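Read off the chains here:
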Amino acid sequence: MLKGKSVLIGVTGGIAAYKMAGVCSSLIKLHADVDVMMTENACNFITPITFESLTSSKCMVDTFDRNFQFDIRHISAAQKADVLLIAPATANVIGKLANGIADDMLTTTALACRCDKIIAPAMNTNMFVNPVVQDNIEKLKKYGWTVIPPESGRLACGAIGTGKMPSEEVLISYILRSIACNKDLSGKKVLVTAGPTCETIDPVRYITNHSTGKMGYAIANRAMLRGADVTLITGKTQIQPPPFVNVVPVVSAEEMYNEVIENADSADIIIMAAAVADYRPKNVSDQKIKKSDSDMEIKLERTKDILKEVCKHKRNGQFICGFSMETENLIENSRKKLEKKNCDMIAANSLKCEGAGFGTDTNIITLITNDSINELPFMTKEQAADRILDAIISI
Ligand code: CTP
C-alpha cells in the first residue's frame, strides 16, 4: 500500500518510544521506505540498532555524525520524505518545533521538511494540559502540523489521565491518510450506505439479511484515502468502521432513509451499498406471536426504496450509484434496476459466484451504466471499491 513512499519517523525521549519499533515494522510490511531519526534522549528508551534492524537504514541521531556517505543529511532526508511523523513527541521537542529551534538532527530536519508533518504528543497529564504546551501545540497546528490527540489511560508515571500515545494502528492510519493515495477526490463529499438493516417484529425478534457491510466500508475507506469527505450511514455490523469518516449508525430502513435524505443534498457522490431489508412487519404493535403457535403469521409491508427516493431528488452534477445483488440474470435484472431506480450506475454482483457477495473479502462486480457494461475481474473488495470510484470519476 505504501510502495514507493518514503516515511520519516522522528522518535523523541518519552517512554512510548519503545512502541515505535512496532510502527516501523508495520510500515515496512506495507512496503514503505522508512527512515528513523532519534533525539539523544530517545536513545535512553530504545536503541538506534532496533530501528536500523527493522528498516535496514542508518538511524540518524547526531547532526555531526561523519560515519555515512557524504550528503547534507538533514536536507536530503527532509527532501526525500513524503511524510514526517514525530512520535512520541515530548513537551520539549514540541516547544522547540513551535518556536523554530533546531539544535539537533531531528528538529533541524523537521524545519527543512516541506511534506505533511504529523506529531503525536505523549507525556504526563499535568505537562500536557500546561498552557505553555497547549499554546505550542496550537502554534504547530497553525504552521500546518497535524496533531494526533493523545489518549486517556494509565500513564507510565502511574497517573490516569490524558497524555498516552495512541495505538500503533492509529498512528499508521494518519500516515495512510496522508500518503497512501492520490487525492483525486479531494473537495468531494461522498455519502455511502452500508451493512444490513434490521426490522423489529417484537421486543425480541427482528428481520434482517446476511450483509456484513464489508463492501460499503471498503468504499468509504478508499474514498477517504483519496481525499473525500466521507459520511458512512451504516446498519449494525461486526467490523470496525474506517477512520476519518463521519459514521452515522442506524438500525431500520426508515432510519437509514431519514439519514440519507438529510445528508444527500450536500453530497457530490452517493453510493448505496447497504442491503436494505425489503420487508418489515406491518403495525408492529398489533403483531401477535404466541409461543404456542406452531405457525407464526407476520403481516409484512415493503420498506421504503431509499435509492429510488434519493434519485427522485438528484441534483445537477450529483452521481448516484446503487448496488444489485442477483441470484440469476445478473445483467438483465441490474439493467432493470438502473432504469427503475433512475440512478447513474449499478454495481452488480452475482450471489452465485464463489468469492462474491455477502461476507467475503473479495467480489466480482459488473459496472452498468446507460451506455456501458464493464465486467471487472475477481478482486478484493478494496480493489473493487477503487474501480467503482475510478468509474465514477471518469464519468
Ligand atoms: N435499496 C434501497 N432501499 C431498499 C432496497 C434496496 O435503497 N428498500 C438499494 C440497495 O442499497 C441497492 C439497490 O437498492 O443499492 C438494489 O438493491 P437490491 O436489494 O438488489 O434490489 P431491490 O431494490 O431490493 O429490488 P429486488 O427486491 O427486486 O431485487
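So, here is what we can say about the structure in this document. (Residues numbered from 1 in each chain as written. Predicted model: local features only at pLDDT ≥ 70, side-chain atom pairs only at ≥ 80, totals over all residues. Heavy atoms only, no water.)

A word on the packing of aromatic side chains
Working step 1: Evaluation of the coordinates by the stated rule reveals one aromatic pair.
Working step 2: Over the ring of Phe244 we find Arg177, and its NZ or CZ is 3.9 Å from the ring centre. (Phe/Tyr/Trp six-rings, centres within 6.5 Å; stacked < 30°, edge-to-face > 60°. Lys NZ or Arg CZ within 6 Å of the ring centre and 35° of its normal.)

Thoughts on the site of the ligand
Working step 1: The full set close to the ligand counts 16 residues, and Met272, Ala274, Phe323, Lys337 and Lys341 are the nearest of them.
Working step 2: Here Ile306 contributes a backbone N or O atom positioned 3.0 Å from a nitrogen atom of the ligand.
Working step 3: A distance of 2.3 Å separates an oxygen atom of the ligand from a polar atom in the side chain of Lys341.
Working step 4: Contact with the protein chains hides 81% of the accessible area of the ligand, taken as 570 Å² for the molecule alone.
Working step 5: Elements that contribute at least two residues to the shell around the ligand include exactly helix 11 (306-312), strand 16 (319-326) and helix 12 (330-341).
Working step 6: The biggest single contributor to the shell around the ligand is strand 16, with four residues.
Working step 7: Within the shell around the ligand, the residues separate by chemical class into seven nonpolar, three polar and six charged. (Near = heavy atom within 4 Å. Polar contact = N/O pair within 3.5 Å; in protein donor to acceptor, adjacent residues only side chain to side chain. Areas by Shrake-Rupley, 256 points an atom, 1.4 Å probe, with all protein chains shown as cover. Helix = DSSP H or I, 4+ residues; strand = E, 2+ residues; numbered from the N terminus. Nonpolar A, V, L, I, M, F, W, Y, C, P; charged D, E, K, R; others polar.)

Focus on helix 9 (residues 214-225)
Working step 1: Taking 1.5 Å as the rise per residue, helix 9 with 12 residues should run 16 Å; its terminal C-alpha atoms sit 16 Å apart, in good agreement.
Working step 2: Where burial is concerned, most of helix 9 is hidden: 11 out of the 12 residues are buried.
Working step 3: When we look at burial in helix 9, the residues that qualify are Met215, Gly216, Tyr217, Ala218, Ile219, Ala220, Asn221, Arg222, Ala223, Met224 and Leu225.
Working step 4: Downstream of helix 9 by a residue or two, Gly227 has a phi angle that is positive, lying close to 100°. (Expected span 1.5 Å × (residues − 1). Buried < 20%, exposed > 50% of the residue type's maximum accessible area, 1.4 Å probe, protein only.)

Here we look at the nonpolar core
Working step 1: Ile9, Met20, Leu27 and Ile388 are the most contacted members of the largest nonpolar core, which has 70 residues in total.
Working step 2: Ranked by residues supplied to this core, first place goes to helix 9 with eight residues.
Working step 3: Counting the residues that make up this core, at least three belong to each of domain 1 (6-179) and domain 2 (189-394).
Working step 4: Setting aside residues up to four positions removed in sequence, Ile9 forms contacts with Met20, Cys24, Leu27, Val34, Asp35, Val36, Met37, Leu85 and Ile175.
Working step 5: In this structure, Ala89, Ala98, Cys113 and Val133 belong to the second largest nonpolar core, which totals 27 residues. (Core = buried A, V, L, I, M, F, W, Y, C linked by side-chain atoms within 4.5 Å. Domains from an automatic or database assignment. Contact = heavy atoms within 4.5 Å.)

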